[in-house]
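What follows is each chain in one-letter form.
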Amino acid sequence: METAEIRRRWLSFFESRGHTVVPSAPLPFDDPNLLFVAAGMVPFVPYFVGQETPKWSRATSVQKCVRTPDLDEVGRTSRHGTFFQMNGNFSFGDYFKEGAISYAWELLTTSQQEGGYGLDPDRLWATVYQDDDEAINLWLKLTDIPRDRIVRRGKQDNYWHMGIPGPGGPCSEIFFDRGPEYGREGGPAVDEDRYMEIWNLVFMQYELSAVRAKDDFDVAGPLPARNVDTGMGLERMASILQGVDNLYEIDEVFPVLDKAAEMAGKTYGANPSHIASESHPDDVRLRVVADHVRTCLMLIGDGVTPSNEGRGYVLRRMLRRAVRSMVLLGVDEPAMPHLLPVSMERMSRSYPQLRTDFDRISQVAYAEEEAFRRTLASGTTILDTAVGRIKSRPGTPQRLSGEQAFSLHDTYGFPIDLTLEMAAEQGVEVDEAGFRRLMTEQRDRAKADARAKKTAHGDRQVYRRIADGLGHDVEFTGYDEVVSEGRVAGIIRAGETVETASVGDEIEIVLDRTPFYAEGGGQLADGGLIELENGAIIDVRDVQKPITGLIVHRASVVQGEVNPGELAFAKVDIERRRSISRAHTATHMVHKAIREAVGETATQAGSENAPGRFRFDFKAQHAVPGTVLADVEAKVNALLLEDLPVHAEIMSQQEALDIGAMALFGEKYGNEVRVVSVGDWARELCGGTHAQRSGQLGVVKLLGESSIGSGVRRVEALVGSDAYSFLAREAAIVGQLAEIVKARPEELPERISGILGKLKDAEKEIAAVRQAQVLGAATRLAGTARDIAGVTFVSHDAGEDVSADDLRALVLDVRHRLGNGRPVLVSMAAINQGRPITIVATNESARQAGLKAGAFVRTAAQQLGGGGGGKDDIAQGGGSDPSKVSQALGAVEDQLRARGA
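Thresholds, definitions, all that
- Residues numbered from 1 in each chain as written.
- Predicted model: local features only at pLDDT ≥ 70, side-chain atom pairs only at ≥ 80, totals over all residues.
- Heavy atoms only, no water.
- Helix = DSSP H or I, 4+ residues; strand = E, 2+ residues; numbered from the N terminus.
- Buried < 20%, exposed > 50% of the residue type's maximum accessible area, 1.4 Å probe, protein only.
- Contact = heavy atoms within 4.5 Å.
- Areas by Shrake-Rupley, 256 points an atom, 1.4 Å probe, with all protein chains shown as cover.
- Lys, Arg positive; Asp, Glu negative; His and termini not counted.
- Charge placed at Lys NZ, Arg CZ, Asp CG, Glu CD.
- Pairing = 2+ DSSP bridges.
- Axes fitted to C-alpha atoms, helices over the stretch in contact; angles between N-to-C directions.
- Core = buried A, V, L, I, M, F, W, Y, C linked by side-chain atoms within 4.5 Å.
- Disulfide = S-S within 2.5 Å.
- Patch = residues over 30% accessible without salt bridge, like charges linked within 9 Å, V, L, I, M, F, W, Y side chains within 5 Å.
- Salt bridge = Lys/Arg side-chain N within 4 Å of Asp/Glu carboxyl O.
- Parallel < 35°, antiparallel > 145°, perpendicular 65-115°, else oblique.
- Nonpolar A, V, L, I, M, F, W, Y, C, P; charged D, E, K, R; others polar.
- Arc of directions from axis to C-beta.
- Phe/Tyr/Trp six-rings, centres within 6.5 Å; stacked < 30°, edge-to-face > 60°.
- Lys NZ or Arg CZ within 6 Å of the ring centre and 35° of its normal.
- Expected span 1.5 Å × (residues − 1).

Student: Explain the overall build of the chain here, please?
Tutor: When its secondary structure is counted, the chain shows 26 helices and 35 strands. Burial statistics for the chain: of 901 residues in total, 50% are counted as buried. Contacts in the chain between residues far apart in sequence, at least 24 positions, make up 68% of those at least 6 positions apart. As displayed, the chain offers around 39,900 Å² of accessible surface, 48% of which is attributable to carbon and sulfur atoms. Here the chain holds 103 positive side-chain charges and 130 negative ones, and the gap between their average locations is 5 Å.

Right, here's the structure in full:
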């Protein structure tokens, strides 16, 4: 049974039993604790923790998931994969243990001809929490499973919670016995390779008051409503129903593996073993390729692009691991153009949008592979150089520092496992602990910076209490007004609700209705004042939505006393609002114009709408030519002159898509959406505020376009009076330049180009004169040669303002004049732009005698506080201390004398 059919049967089964089919959420997830959706229940967390009221009493989904903590285990076991699909059925205060167990057993054991999965009941095992007698009795009552195949297990295995105070409860897991060829008898507690877990039934029935560890927590009491959260691994079920050993061999994954093996000239499974951990290294690499290519396809498909942080870094690492695995398999040509289409063909059976969006997806992937192949070449050179330096210092630890390994990884994208492998081949250790420490520090910094304005699940209870007390969502009135009347619904200070706040207090204040726009969709929050009937005044600096339905004003009390229940008059800073709204409307217009100019794949990848300015990120593999950018600017400004109406409509998602409205990856949309249109030209799903007509924008000035990561470009722009001020300043500068060079403004490019050409010619003449002066000293310097330990030796300080190229030419000229009749070593130093440089050269006779330029130049560079290297015949070094030039030259002479002694 194909994976797509397993998926279809799941959704059909539960839909026919009253479950609402909920589409998969995108892999990138709006949660401060998660980069990606990592479990099927993640989109439902707000319902389980009481942040939101469930929309349905029962639901089902097949959720796309990515997990990366066990990245190094991919390919080595039959269980670990980065991308997987989790089939789930959920009950919110509806059915409980009996319903969950009945549904699971029915779907698993019903014959395939009748729409089930047709598993043999005699090969199924169940585990239950050690104290859950109720679950044991239900398994015996509702299924054919005998008592000896129901196993009690402890909290580590069969108790679920989120790791924070909140809901928790026991769970039952269902395992499938794959047979004695996969391992030992005895059930799941003995061997989880043979007994594969396929389904987990979580019974949320308790409120946990404290959670110290997986198996150490306090139970406060029963939940008001009991819930069910189940998950069945789609890939695991596919491996069973398709009769293969592991998830890498199922129909959605194996074709990529097979293609990779064909490219590498390898035979997968040539050294067969049913146990993945005993696999041949080539088989492991082929599995890594198959797994990672599919994950990269799905991540890029959901809008992730390679970068050096967050989600983009995870994508980049996996794509590079796949490419590196192909290199280790002996494939030198680009691999993704051969493998990614194979994965798309398979995965598009369940996700047809992958096919329609494949041009964009493939552009991102192919460009990243090309960049990494260059990285592999340059990183290998840098690593070889570092290892060479280490090995040239006998008697010192033959070890690459953690800082060097981290630099290779962080700066050049060179994987640590590749550094370890290549260093070991040359007999050099790597300070892996130091590398891991630096990586941890980097991750900790990233986590600390991420979503500073957001709040984690464990800290949101204070907001939930205010929302529950309010009894309804905060009414946002800001689309129609900038001043509105409401009441204080709650006050938060230092993370706790308070009954009063006074002058100087930094607070978060909630009103039952507000015109203040909360930051979202790239639009910055409103600012302004809240005045209370009792005379208190509150200065609002930021507005956020920490939980759905609640708008929180972050502010300071500047006058009087604030108390819950007070009548409040909220007044938005009108000029700020208008300026931000103009920027937001301009962003929509530039987005539309860029897509018309560059192509439909140039979709938005982020934005920020601030007073008088905006930045707009979009997906593109190449820079946008200046002429195209000028056309975009001209198009937008022409439409401003048409003074198009800007209006918003509420409609269904499907209606919005039918009229061509753009929807953005990562944004959450309900069943009904707000569509903002600029005339009949630009339409986009948007919850932000906008100008009323395009003419109100005045003028839009694009400042430029640049890359902010692989496959993502950024345009920055000014709007309205800010754009006018910028253009006025530019006009003034042009006028000043015209006056200086005595030319009309339209003649400036030609006149300035001519001046620069003359300047360049003059610099060449000066350089030629300087070089002639330097080289003119060659005959004299050759005459200063001395004999040291049987070597003809010349040492010279060339002084200041001598370039490295000129110094190198002088060294080679002197070496040439001294001939090759006996060993020659020439050592010179100079200062260029305040920094010392040193160059050493040897002739062929010297090299035959064991004199290598690189060894001598490193000695000199150490005196200068730097380093160096090069070939045996000529090498260059430098440093940071120009006062040590004479010591550097002396060190070379001392080294030569020591060799003779």
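Student: I keep staring at the sheet that holds strand 28 (residues 700–709) and nothing clicks. Help me out?
Tutor: Adjacent strands of a sheet pair through backbone hydrogen bonds, lying either parallel or antiparallel. Strands sit in the order 23-24-29-28 across an open sheet of 4 strands; the sheet is antiparallel. Each edge of the open sheet is held by one strand with a lone partner, namely strand 23 (604–610) and strand 28. Going across the sheet, the axis of each strand differs from the next one's by a mean of 15 degrees, ignoring polarity. Those strands touched by helix 18 (residues 626–641) are strand 28 and strand 29 (712–719), and its axis lies near 140 degrees from that of strand 28.

Student: Could you clarify how one ought to interpret the nonpolar core in this entry?
Tutor: The tendency in soluble globular proteins is for nonpolar side chains to be buried as a group. Residues Leu108, Trp139, Ile198 and Trp199 are the most contacted members of the largest nonpolar core, which totals 111 residues. The leading source of residues in this core is helix 8 (residues 281–301), at 11 residues. Ranked by size, the runner-up nonpolar core spans 34 residues in total, among them Ala467, Leu470, Ile547 and Ile551.

Student: Is there a simple way to explain the environment of Asp332 in this structure?
Tutor: Structurally, Asp332 can be placed in the loop between helix 9 (310–328) and helix 10 (336–347). Its relative accessible area of 65% is what places Asp332 among the exposed residues.

Student: Help me understand the state of the cysteines in this model?
Tutor: Any covalent bond linking the sulfur atoms of two cysteines counts as a disulfide. Across all of its chains, the model carries 0 disulfides by this definition. Cys296 supplies the cysteine sulfur nearest to Cys65, a cysteine that is in no disulfide, at a spacing of 17 Å. Cys171 carries a free sulfur, and the closest cysteine sulfur to it, the one in Cys65, is 17 Å from it.

Student: Would you mind going over the sheet that holds strand 25 (residues 646–652) with me for this structure?
Tutor: Ordered in space as 25-26-27, the 3 strands form an open sheet in which the pairing is antiparallel. Each end of this open sheet is capped by a strand with a single partner; those strands are strand 25 and strand 27 (682–685). The average angle at which neighbouring strand axes cross in this sheet is 25 degrees, direction not considered. Two strands pair when backbone bridges link them, and strand 25 and strand 26 (residues 672–678) are joined in this way by 7 bridges, in the antiparallel orientation. Paired with Ala648 across the bridge in strand 26 is Val676. Against the sheet, helix 17 (residues 574–598) contacts strand 25, strand 26 and strand 27, and its axis sits at roughly 115 degrees relative to strand 27.

Student: Is there a simple way to explain a nonpolar patch on the surface in this structure?
Tutor: On the surface, Ile733, Leu737 and Ile740 cluster together into a nonpolar patch covering about 290 Å² of accessible area. With respect to the element layout, Ile740 can be found in helix 20 (residues 721–741). Classification of Ile740 by relative accessible area gives exposed; the value is 63%.

Student: Help me understand the packing of helix 8 against helix 10 in this model?
Tutor: Packed helix pairs are characterised by how far apart their axes lie and by the angle those axes make with each other. One can describe the packing of helix 8 onto helix 10 by two numbers: an axis separation of 9 Å at closest approach and a directional angle of 70 degrees. Overall, the two elements helix 8 and helix 10 adopt an arrangement that is roughly perpendicular. On the side of helix 8, the interface is formed by Val289, Val293, Arg294, Leu297 and Met298, while helix 10 contributes Met336, Leu339, Leu340, Ser343, Met344 and Met347. Considering only residue class, the contact of helix 8 with helix 10 consists of 9 nonpolar, 1 polar and 1 charged.

Student: Is there a simple way to explain helix 7 (residues 254–264) in this structure?
Tutor: Along an α-helix, residues three or four positions apart point the same way, because every turn accommodates 3.6 residues. For helix 7, every residue scored as buried is listed here: Val256, Leu257, Ala260, Ala261, Met263 and Ala264. All buried residues of helix 7 fall inside an arc of 160 degrees around its axis, so they share one side. Contacts made by the buried residues of helix 7 are with helix 8, helix 9 and helix 10. Gly265 lies just past helix 7 and shows a positive phi near 70 degrees.

Student: I tried to follow the packing of aromatic side chains on my own but got confused; where do I start?
Tutor: Here the distance between the centres and the angle between the planes together describe a pair of aromatic rings. Using the criterion set out here, one finds 25 aromatic pairs in the structure. Ring geometry for Trp125 and Tyr195: centres 5.3 Å apart, planes at 70 degrees, overall edge-to-face. Placement of Trp125 in strand 6 (residues 124–129) and of Tyr195 in strand 10 (residues 195–213) is noted, with a sequence separation of 70 residues between them. Comparing Trp125 with Tyr195 shows no difference in burial state: the two are buried. When the ring of Phe406 is compared with that of Phe435, the centres are 6.3 Å apart and the planes differ by 55 degrees; the resulting orientation is tilted. Placement of Phe406 in helix 13 (residues 402–412) and of Phe435 in helix 15 (residues 432–449) is noted, with a sequence separation of 29 residues between them. Like Phe435, Phe406 is buried. Linked through ring pairs, Trp10, Phe13, Phe14, Tyr95, Tyr103 and Trp199 together constitute an aromatic cluster. The positively charged end of Arg17 is found above the aromatic ring belonging to Phe13, 3.7 Å away from the centroid.

Student: Explanation requested: the pattern of salt bridges in the structure shown.
Tutor: A side chain of one charge can pair with a side chain of the opposite charge when the charged atoms of the two come close. This structure, assessed with the given rule, holds 53 salt bridges. The residue Arg285 makes a salt bridge to Asp282 at a minimum N-O spacing of 3.4 Å. Separated by 3 residues within a single helix, Arg285 and Asp282 lie in helix 8, roughly one turn from each other. The residue Arg577 makes a salt bridge to Asp526 at a minimum N-O spacing of 2.7 Å. With a gap of 51 residues between them, Arg577 in helix 17 and Asp526 in the loop between strand 18 (513–514) and strand 19 (528–532) connect regions that are remote in the sequence. Each member of the pair, Arg577 together with Asp526, is buried.

Student: For this particular structure, what's the right way to read helix 26 (residues 885–900)?
Tutor: With 16 residues, helix 26 should cover 22 Å at 1.5 Å per step; its first-to-last C-alpha distance of 24 Å lies within 8% of that length. Check the buried side of helix 26 and you find it contacts strand 30 (786–788), strand 31 (791–800), strand 32 (824–832), strand 33 (835–842) and helix 25 (853–863).

Student: Help me out: how do you make sense of the pairing of strand 19 in this one?
Tutor: Burial along strand 19 is one-sided: Gly528, Ile530 and Leu532 are buried, while Leu529 and Glu531, pointing the other way, are not. Where strand 19 and strand 20 (residues 537–544) come together, 4 bridges link them in antiparallel fashion. Across the sheet, the residue bridging to Glu531 is Ile537, located in strand 20. What sits between the antiparallel neighbours strand 19 and strand 20 is a turn of 4 residues, in which Gly535 has the positive phi angle 100 degrees. Taken together, the 5 bridges between strand 19 and strand 22 (residues 567–572) define a ladder with antiparallel strand orientation. In the strand pairing of strand 22, Glu531 is matched with Phe569.

Student: Would you mind showing me how to read unusual backbone geometry here?
Tutor: Among all residues save glycine, negative phi is the norm, and among peptide bonds the norm is trans. For Asp643, which is not glycine, the phi dihedral falls at a positive 55 degrees. Summarising the element assignment, Asp643 is placed in the loop between helix 18 and strand 25. Asp643 sits in the partly exposed class, given a relative accessible area of 31%. Positive phi, normally seen in glycine, also occurs at Gln833, with a value near 55 degrees. By secondary structure assignment, the location of Gln833 is in the loop between strand 32 and strand 33. Residue Gln833 is classed as exposed on the basis of its relative accessible area, which comes to 73%.

Student: I tried to follow the environment of Ala849 on my own but got confused; where do I start?
Tutor: For Ala849, the location among the structural elements is in the loop between helix 24 (844–848) and helix 25. With a relative accessible area of 35%, Ala849 lands in the partly exposed category. It is 7.4 Å that separates the C-alpha atoms of Ala849 and Pro823, two residues lying 26 residues apart in sequence.

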